[in-house]
Protein chains: 4
Amino acid sequence: QLVQSTFFPPAEGVMLPTGSFSNRVAFITGGGTGLGRAMTSTLSQLGAQCVIASRKLDVLQQTAEEISSQTGNKVHAVECDVRDPQAVARCVERMETLTGLPDVIINNAAGNFVCPSERLSPNAWRSITDIVLNGTAFVTLELGKRLIQSRKGASFLAITTIYAESGSGFVVPSASAKAGVEALYKSLAAEWGRYGHRFNIIQPGPIRTKGAFSRLDPTGAFEKAMISRIPTGRLGKPAEIANLAAFVSSDYATWMSGAVIRLDGGEYVSMAGEFNELRRVTPDQWKMMEAMIRNTRGS
Amino acid sequence: QLVQSTFFPPAEGVMLPTGSFSNRVAFITGGGTGLGRAMTSTLSQLGAQCVIASRKLDVLQQTAEEISSQTGNKVHAVECDVRDPQAVARCVERMETLTGLPDVIINNAAGNFVCPSERLSPNAWRSITDIVLNGTAFVTLELGKRLIQSRKGASFLAITTIYAESGSGFVVPSASAKAGVEALYKSLAAEWGRYGHRFNIIQPGPIRTKGAFSRLDPTGAFEKAMISRIPTGRLGKPAEIANLAAFVSSDYATWMSGAVIRLDGGEYVSMAGEFNELRRVTPDQWKMMEAMIRNTRGS
Amino acid sequence: QLVQSTFFPPAEGVMLPTGSFSNRVAFITGGGTGLGRAMTSTLSQLGAQCVIASRKLDVLQQTAEEISSQTGNKVHAVECDVRDPQAVARCVERMETLTGLPDVIINNAAGNFVCPSERLSPNAWRSITDIVLNGTAFVTLELGKRLIQSRKGASFLAITTIYAESGSGFVVPSASAKAGVEALYKSLAAEWGRYGHRFNIIQPGPIRTKGAFSRLDPTGAFEKAMISRIPTGRLGKPAEIANLAAFVSSDYATWMSGAVIRLDGGEYVSMAGEFNELRRVTPDQWKMMEAMIRNTRGS
Amino acid sequence: QLVQSTFFPPAEGVMLPTGSFSNRVAFITGGGTGLGRAMTSTLSQLGAQCVIASRKLDVLQQTAEEISSQTGNKVHAVECDVRDPQAVARCVERMETLTGLPDVIINNAAGNFVCPSERLSPNAWRSITDIVLNGTAFVTLELGKRLIQSRKGASFLAITTIYAESGSGFVVPSASAKAGVEALYKSLAAEWGRYGHRFNIIQPGPIRTKGAFSRLDPTGAFEKAMISRIPTGRLGKPAEIANLAAFVSSDYATWMSGAVIRLDGGEYVSMAGEFNELRRVTPDQWKMMEAMIRNTRGS
Ligand SMILES: NC(=O)c1ccc[n+]([C@@H]2O[C@H](COP(=O)([O-])OP(=O)(O)OC[C@H]3O[C@@H](n4cnc5c(N)ncnc54)[C@H](OP(=O)(O)O)[C@@H]3O)[C@@H](O)[C@H]2O)c1
Ligand SMILES: NC(=O)c1ccc[n+]([C@@H]2O[C@H](COP(=O)([O-])OP(=O)(O)OC[C@H]3O[C@@H](n4cnc5c(N)ncnc54)[C@H](OP(=O)(O)O)[C@@H]3O)[C@@H](O)[C@H]2O)c1
Ligand SMILES: NC(=O)c1ccc[n+]([C@@H]2O[C@H](COP(=O)([O-])OP(=O)(O)OC[C@H]3O[C@@H](n4cnc5c(N)ncnc54)[C@H](OP(=O)(O)O)[C@@H]3O)[C@@H](O)[C@H]2O)c1
Ligand SMILES: NC(=O)c1ccc[n+]([C@@H]2O[C@H](COP(=O)([O-])OP(=O)(O)OC[C@H]3O[C@@H](n4cnc5c(N)ncnc54)[C@H](OP(=O)(O)O)[C@@H]3O)[C@@H](O)[C@H]2O)c1
C-alpha cells in the first residue's frame, strides 16, 4: 500500500438505511464467492431475500447458510450453469417457486485468466465468452421476458471491469465479452425502460478475491505494479463494491439507467493519461525542468 | 410523464446514515439555488457544516438560513464570482476563518443558454466558458494548493452534463466547457491522489430548476420531447442528484476516483443508440416486419 | 436527401496511388457482397491479390470474377463459415496454398436483424454473436498465430458500427457482438504490436446494401428518419468506406493502431447531443426565445 | 526504437492524387512550424493555396517561402494571435482579400508545457486554455459565420491529443482545453452540417517537433518510456499526420463528420489496458504461470 492510502480508508459497514430491500427479492449470479458473496451479504442485511446461483451447489449452500444465519433473511442456493439456456430457464422456474420473480438482478458470474492471445485455442476463447457474454445474455433475456410478461419492474446490474472499454492484452476473451455485456446493458436500458426495467454497470478495479487473483496474478508479482499506479494507493474491498451495488439497485437510484460506474481507486485514469508517469519526477527535477522550459524559445 | 414512470418513483429522502458528514466541512459553488441548494441541504442534514458561494449574496443568505434552521447545522454564505481568481482566493480565505479548509468540494456553479452557434459573439462564448471551465479550475487549484500545503485530504466533485462527452449543438460553449471540466477532474484524479484527493464527476440529465430550464427551454416546448425519449419516463429530482453526490463525497466512496457517473433516467443511451426510435413500431408492425425479414434471401 | 447534401457529394473513385497494394495479399470476410465487395474491388484496383470468404461460394465466385476481370488482379473465392473454427483453419490453409499468408485482413462478415429483445430466443442471440464476435475472433486468432509463427507483419481491420459503443435497442445481439469485436481489436493492438501487427476499426453509419437494409429497414420507413438527422444529409456509399479501409490498411497508415474511425455523415454526434433537436426551431422562434432568455432573472 | 518498428516504416510521401486540392484554399493556424508546417506542405503539394497564421510573422514567412518555392503554389503568411477575437477577425478579413474564404480550416495552433498542477497560477492556466480552447473557438466561430453568410461549405479539422478524452496529470490545462475543443467540434458537426460544414478531429500521439518536445520532455528522459509502450515501437512523423489530415479534409471524406481519429502508434490503447504490462513476462514465465493457473481450484 502507498502512503496516501491512509487518506482513503475503506468503509466496510453497510451504507443504506435498514430495510431498504425489505420485501424485495434479489438474484445474484456467482453469489457464492468473492464480490458476488459480498453483494449478497449486503442485500441480505438490508432485508432482501436473496437467490444465489452458480455451478458449485456446495459452495452456494455454505454461503447461503452463513449469510442467512447472520442476517436472519433467507438466502436460497440454486445450481445453474449460465452457459446453458435451459439450465437458466430451470433456475428461474425454481426461483419463481421459491421467491417469485426478482426485483433486483445482478449479473456477476464470470471467468477469466491471463494468457498471451497467440496461445488461445477456440475453446479457450469460448470458455470465457460463453460464461461472460452469453451467460449474461441468457440470464437477462430469460428474466426479462418473464418480468415483462408479469408486468413487473426490476433493476438489472452487470459487473464488468475497467478494461471493458479500453480493451487489454493478455485477458482478451474477458475484455471482449465484458465489452459485449456493457453494450447489452446500455441497449436494454434504452429499450426496456418502457417495461419498468433499469440497467446499469459497475466496473470494478482490482480487488483481492481468490477467484480473480489466482488466475490473473498467480505469482503475486503484478499486484505491486498495480498498486503503484492507483492514485488512492490501495486495492479495493468487496464491501465497497457491495455498497455501490446496493445503492444502484435501490429505490434511491430509480432514475439511474444506462450508467457505467467505475470504482477502481482511480487506476484507469492513472494508466490512461499519457503524462501520468511524471509522478516519478522529484521536486528538484521539476525545478530544473521548469528552468529548461522557460528558456525555450520558439517552436 | 410516460406511463412507465410509475415503476420509477423518485425517493427524495436522505439516503446516507445520520451523521455521515459530522465534523466535515463542505464547500458548494452555486449552492444557493437548484441542484446546488439540494446538495447543500442533504449534506447539512447529514451533519456537514456547509459553505455556499456564488454571486448573489442575498440568495445565498436566504438559502443558508432556511437550510440551517431546518437541519440545525451551520450554513455559511460567501459571495464569490468564480471567474475572478482573486475573488476565489478571498472566498477561500474567508472560509478558512469560518470553518477551516473543506473536506468536500462540489463545483456546481455554471451558466448556460440555448443559442444557434452562428449567433454567438466572442463575449457570449466567454460568458459561459469563464464560469464553467475557468471558474471550476480557479476554485479547484486554489483549494487544492492550500489543502496540499496543509496535508489535508479532500473529495472533489464536479457537476457536468450528459452532453459533455458527445457534445451538442445549440449549447456549444457549455458543452465545450463541461468537457474541459471533465478532463480537469480525470487528470487531477490521477495526479493528486498522492495528496489525499479524490475527483469525481456527476452528469445529470434534465431536472427542472429555474436556472436551467428558463434558459434551456424558455417556451417549455422542449420538455415533452425530452421526456418522450427518457426510458424511465420522467425528469429527475434535485434530491436524487443530492443523494448520489453525498454518496460520492462520503467515506463510503473513498476508493472512487476518476469516476464519471451519469444520472439521467437513461436519456443518453436512448438518444445515442441508432435504432432506439423503433420504440414507435407497434406489435402488429413488428409481426409484419419479422415476416418480411424472414423472407429475405441473400445479401 | 436533405438540401445540404449538395455540399457533400460522394467521391467514388479510388483514392490511393496506383499500385499501393502491389504484391500484397488481402483477405476479406464477407467480401462477396455489400461493403466487403466494395473493399475488395478497391484493394484489387490498387494491385492487391484478394481472397474473399463467406458461406455462399457461388456469390463469392461471381464477385471474384467480376472484380478480377475489371482490375486484372486475381480474386480468390473460398467458402468459409466463420462460426466454425475448423472451417476457418481450412480456409486459411487454402489461402496459404493459393497466395501465402495475407498482409491485409478485413473482418467484415456479419449478420443482423431488427427485433424487440423480448422476442429473441437464445438461438437468435447466438445466430448473430457467433458470426460477429466468435467469427471475428476465430479468423483473427487463426491468422494471427500463423503470421506470428512466420514472423510476418499484417494490418487487421474490423468493420463494426456506430452503435457498438453506445449500444442500441432492437439490434441488441449485434450491438453486443460488435462491442466485443472493438474490445478484441483494441486489446490486440496493444498486445500484438510486437509481432508486427496493427489493429484498427471502422464504424460505418447507414449505407444502403441489400444485406443490411433488408433486415434493418424491411419496410423502408426508417430510412427517412435516419437521413433527417444526418448532418451531411445523405446515406453513405460503399466506395467511401472502401477508400477509408484501403487507407487504414495501407503503408500510409503504419503508425495507426488501436484507432476507431467513425464514418457516418455525422449521424452519431447528431443523435447523441441532447439539444440537437433544436435544429427544428425556426429563425423567428429563435428571436422570440432569445428575448425570453434575456428577460430571465436569477436561478 | 523497438525492434518491431521495422514492421511499421513511416511513409512520408504524399498520398492523395495530384491536384486533390486544386482551386481550394486552406487556412492552417500554427502553420509555420511542426505539424502545422507539415500539413501546409502536403496541402500545398496537392494544389491548395494556403494561408498560415500564428504570432511570429517571420517564422510564417520563411515557411511560406520555402513551401511555395517547392510546390509552386502560393502560401500566404498572416500574423494572428488566436487569443484575440479582433486579431482573428482582422486575419480573416485579410484572407478574404488574399484568397477568399477557405474550403479547408485546420485548427492546429496550441501551447503546452509539463508542470505539476499545484504549481499552476491562474495565469499559467489561462495561457494555455486561451490559445487552445478560446483560440480555436474564435477562429471557428469567425470563419463559420462568414462561410454561412456566403453559403459556402467547408471542412474544419482540429488537432487535439490522445489525452483529451482520458485527461492526464502534469499537462492539465492542455488536457482540459483539448477536451473542450473536441466537444466544440463534435457539437458543430451536428449543428452546422445544414450549412455545408464538416468537423473532424485528429488526436496525434508523440511526434518529435521542437515546439512540443522542448516543453513536454525538456530533458529527453521521457521519450524512451513513451517508445517502450508504443506497440509500433516508434514515434510518429509529421508527414503521417499530414497525409491523414489531407484525407480528412479532402473530397474523399465528404461523408466524414464528427469523427475523432487517433493516430498514435497504438500508445493509447497500450497504456489504458490494465494487463498490458504483462508484455514483460517471458515465455518461460508464461509456462510457469499457466501451470499455476491450471492447478487453481475454485473461487
Ligand atoms: N476481483 C476483481 O479484482 C475484479 C475486478 C474486475 C471485475 N471483477 C468481476 O467481478 C465479478 C466477480 O468476480 P470475483 O472477483 O468475485 O471472482 P469469483 O469469486 O471467481 O467469482 C466468479 C463467480 O462466477 C461464478 N461462475 C463462473 N462460471 C459460472 C457459470 N458457468 N455459471 C454460473 N456461475 C459461474 C463462480 O461460481 P461457480 O464456480 O460456482 O460457478 C463464481 O462464484 C466478475 O464478474 C469479475 O469479472 C472482479
Ligand atoms: N438542471 C438541469 O437539468 C441540469 C442538467 C445538467 C447539468 N446541470 C448542472 O447542474 C448545475 C446546477 O444547475 P442548476 O440547474 O441548479 O441551475 P442554477 O440554479 O442556475 O445553478 C447555477 C448556480 O451557479 C451559480 N453561478 C453562476 N455564475 C456564477 C459565478 N460567476 N460565480 C459563482 N457562482 C455562479 C448561480 O448563482 P449566482 O447567480 O448567485 O452566481 C447558481 O446558483 C450546473 O453545473 C448545471 O450545468 C443541470
Ligand atoms: N450497410 C450498413 O449500413 C452498415 C452499417 C454499419 C455496419 N455495417 C457492417 O458492414 C459489414 C458489411 O455489411 P453489408 O452492409 O455489406 O451487408 P452484407 O452484404 O449482408 O454483408 C455481410 C457479409 O457477411 C457474410 N457472412 C454472413 N455470415 C457469415 C458466416 N457465418 N461466415 C462467413 N461469412 C458470413 C455474408 O456472406 P454469406 O451470406 O455468403 O456468408 C455477407 O457477404 C458488416 O460487418 C456490417 O455489420 C454495415
Ligand atoms: N508533437 C506532438 O507530439 C503532438 C502530440 C499531440 C498533439 N499535438 C498537437 O499538434 C499541434 C501542433 O503541435 P506541434 O508539435 O507542431 O508544435 P508547435 O510547432 O509548437 O506548434 C504550435 C503552433 O501554434 C502556434 N501558436 C501558439 N500560440 C499561438 C497563438 N496565440 N496564436 C496563433 N498561433 C499560436 C505556434 O506559432 P507562433 O509561436 O508563431 O504563434 C506554433 O506554430 C498542436 O495542437 C499540438 O497540441 C502535437
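All values derive from a computational prediction rather than experimental measurement.

Summing up its helical and strand segments, chain A has 11 helices and seven strands in all. For chain A, the C-alpha atoms occupy an extent of roughly 75 × 45 × 40 Å along the three principal directions. Taking all contacts inside chain A whose residues are at least 6 apart in sequence as the whole, residues at least 24 apart take part in 74%. Accessible area of chain A: about 9800 Å², with a carbon and sulfur share of 47%. Placing the 31 positive and 26 negative side-chain charges of chain A at their respective mean positions leaves the two points 1 Å apart.

All names here are of chain C. Along strand 1 (residues 25–29), five of the five residues are buried, which leaves the element largely enclosed by surrounding structure. Of the two faces of strand 1, the one lined by Val 25, Phe 27 and Thr 29 and the one lined by Ala 26 and Ile 28 are each fully buried. Examined bridge by bridge, strand 1 and strand 2 (residues 49–54) share five bridges and lie parallel to one another. Paired with Val 25 across the strands is Gln 49, a residue of strand 2. Taking the sense of rotation as the criterion, the β-α-β connection linking strand 1, helix 1 (residues 34–45) and strand 2 turns out right-handed. In this sheet, strand 4 (residues 104–107) lies alongside strand 1 in parallel orientation, the contact comprising three bridges. Across the sheet, residue Ala 26 finds its bridge partner in strand 4, namely Val 104.

Placing chain D over chain A gives an RMSD of 0.0 Å and needs a rotation angle of 180°, together with 0.0 Å of translation along the axis. The relationship between the two copies is best expressed as a two-fold rotation axis. The C-alpha atom lying nearest the rotation axis in chain D is that of D:Ala272; the distance is 2.1 Å. The overlap is high: 98% of the interface residues of chain D also sit at the interface in chain A, so the same surface is used on both sides.

Turning our eyes to something else, we now look at the nonpolar core. Among the nonpolar cores identified, the biggest contains 114 residues, and C:Leu43, C:Phe247, C:Met256, D:Leu43, D:Phe247 and D:Met256 are the most heavily contacted of them. Apart from residues no more than four positions distant in its own chain, D:Leu43 is found in contact with D:Phe21, D:Ala26, D:Ile28, D:Ala48, D:Cys50, D:Val104, D:Ile106 and D:Ala246. Within the second largest apolar cluster, 113 residues are counted, among which are A:Ala11, A:Ile227, A:Leu263 and B:Ile106.

On to the interface of chain C and chain D. Tallying the contact residues gives 55 residues for chain C and 55 residues for chain D. Each partner contributes to the roughly 4200 Å² buried at the junction of chain C and chain D, and carbon and sulfur atoms together form 66% of this total. At the boundary of chain C with chain D, the tally comes to zero salt bridges. Our count for the contact surface shared by chain C and chain D stands at 14 residue pairs in polar contact (both at pLDDT 80 or more). Counting only elements with at least two residues in the side of chain C that touches chain D, the list comes to helix 6 (172–191), strand 6 (197–204), helix 9 (238–249), strand 7 (260–263) and helix 10 (267–272) of chain C. Looking at side-chain class alone, the side of chain C that touches chain D contains 27 nonpolar, 17 polar and 11 charged residues.

Let us look at the relation of the copies chain C and chain D. Taken together, a rotation about one axis and a shift along it account for how the two chain copies relate. Each copy superposes on the other: chain C lies on chain D with an RMSD of 0.0 Å after a rotation of 180° and an axial shift of 0.0 Å. A share of 100% of the interface residues of chain C reappears at the interface of chain D, consistent with the copies meeting face to face through the same patch.

The next subject is the site of ligand 1. Surveying the vicinity of ligand 1 reveals 28 residues, the closest of which are A:Thr33, A:Ser54, A:Arg55, A:Lys178 and A:Thr209. In this structure, ligand 1 sits where chains A and D come together, each supplying nearby residues. A:Asp81 places a side-chain nitrogen or oxygen 3.0 Å from a nitrogen atom of ligand 1. Against a free-state accessible area of 870 Å², the protein chains account for coverage of 93% of ligand 1. The set of elements that each furnish at least two residues to the shell around ligand 1 consists of helix 1 (34–45) and helix 7 (210–216) of chain A. It is helix 7 of chain A that contributes the most residues to the shell around ligand 1, three residues altogether. The residue inventory of the shell around ligand 1, partitioned by class, reads 12 nonpolar, 11 polar and five charged.

Contacts between the two partners involve 51 residues from chain D and, on the opposite side, 50 residues from chain A. In this assembly, chain D and chain A are joined by two salt bridges. Here A:Arg119 makes a salt bridge to D:Glu290, at a shortest N to O gap of 3.1 Å. Put simply, chain D and chain A have 13 residue pairs in polar contact (both at pLDDT 80 or more) between them. With eight residues, the single largest contributor to the side of chain D that touches chain A is helix 11 (residues 283–295) of chain D. Looking at side-chain class alone, the side of chain D that touches chain A contains 25 nonpolar, 14 polar and 12 charged residues.

A few words now on the sheet that holds strand 4 (residues 104–107) of chain A. Residues and elements named next belong to chain A. Taken together, seven strands build an open sheet; the order of strands is 3-2-1-4-5-6-7 and the sheet is parallel. Of all strands in the sheet, those bounded by a partner on one side alone are strand 3 (75–79) and strand 7 (260–263). Shown here is a sheet whose adjacent strand axes are inclined to one another by a mean of 20°, direction ignored. Pairing analysis gives four bridges linking strand 6 (residues 197–204) to strand 7, with the strands arranged parallel. When the sheet's bridge partners are listed, Pro 204 is paired in strand 7 with Leu 263.

With that settled, the discussion passes to the confidence of the model for chain A. Averaged over every residue, the pLDDT of chain A is 97; the share at 70 or more is 100%. Two numbers describe this predicted complex: its pTM, 0.98, and its ipTM, 0.98.

A separate point is unusual backbone geometry. Even without a glycine there, the phi angle at B:Arg151 is positive, about 50°. Take B:Arg151: it is sitting in the loop between helix 4 (122–149) and strand 5 (154–159).

With that settled, the discussion passes to the site of ligand 4. Residue and element names in this part refer to chain D. The environment of ligand 4 is made up of 28 residues, and the closest members are Thr 33, Ser 54, Arg 55, Lys 178 and Thr 209. Within the backbone of Val 82, one N or O atom sits 3.1 Å away from a nitrogen atom of ligand 4. Contacts to ligand 4 include Ala 110, whose backbone N or O atom sits 3.3 Å from an oxygen atom. Of all the elements in the fold, those that place two or more residues in the shell around ligand 4 are helix 1 (34–45) and helix 7 (210–216). Here the shell around ligand 4 is composed, by residue class, of 12 nonpolar, 11 polar and five charged.

Here we take up the pattern of salt bridges. All names here are of chain A. In the structure shown here, the tally under the stated rule is 56 salt bridges over all chains. The partner of Arg 146 in a salt bridge is Glu 93, and the shortest N-O contact between them spans 3.0 Å. Of the two residues, Arg 146 is situated in helix 4 (residues 122–149) and Glu 93 in helix 3 (residues 85–98); the sequence distance between them amounts to 53 residues. Several salt bridges share partner residues, and in doing so they unite Glu 93, Glu 96, Glu 142 and Arg 146 into one network.

Cut-offs used in this document
Residues numbered from 1 in each chain as written. Chains lettered and ligands numbered in written order. Predicted model: local features only at pLDDT ≥ 70, side-chain atom pairs only at ≥ 80, totals over all residues. Heavy atoms only, no water. Helix = DSSP H or I, 4+ residues; strand = E, 2+ residues; numbered from the N terminus. Contact = heavy atoms within 4.5 Å. Areas by Shrake-Rupley, 256 points an atom, 1.4 Å probe, with all protein chains shown as cover. Lys, Arg positive; Asp, Glu negative; His and termini not counted. Charge placed at Lys NZ, Arg CZ, Asp CG, Glu CD. Buried < 20%, exposed > 50% of the residue type's maximum accessible area, 1.4 Å probe, protein only. Pairing = 2+ DSSP bridges. Right-handed = clockwise from strand over helix to strand, strands pointing away. Least-squares fit on C-alpha atoms with pLDDT ≥ 70 in both. Core = buried A, V, L, I, M, F, W, Y, C linked by side-chain atoms within 4.5 Å. Buried area = accessible area lost by both parts, 1.4 Å probe. Salt bridge = Lys/Arg side-chain N within 4 Å of Asp/Glu carboxyl O. Polar contact = N/O pair within 3.5 Å; in protein donor to acceptor, adjacent residues only side chain to side chain. Nonpolar A, V, L, I, M, F, W, Y, C, P; charged D, E, K, R; others polar. Near = heavy atom within 4 Å. Axes fitted to C-alpha atoms, helices over the stretch in contact; angles between N-to-C directions. pLDDT = per-residue confidence, 0-100.

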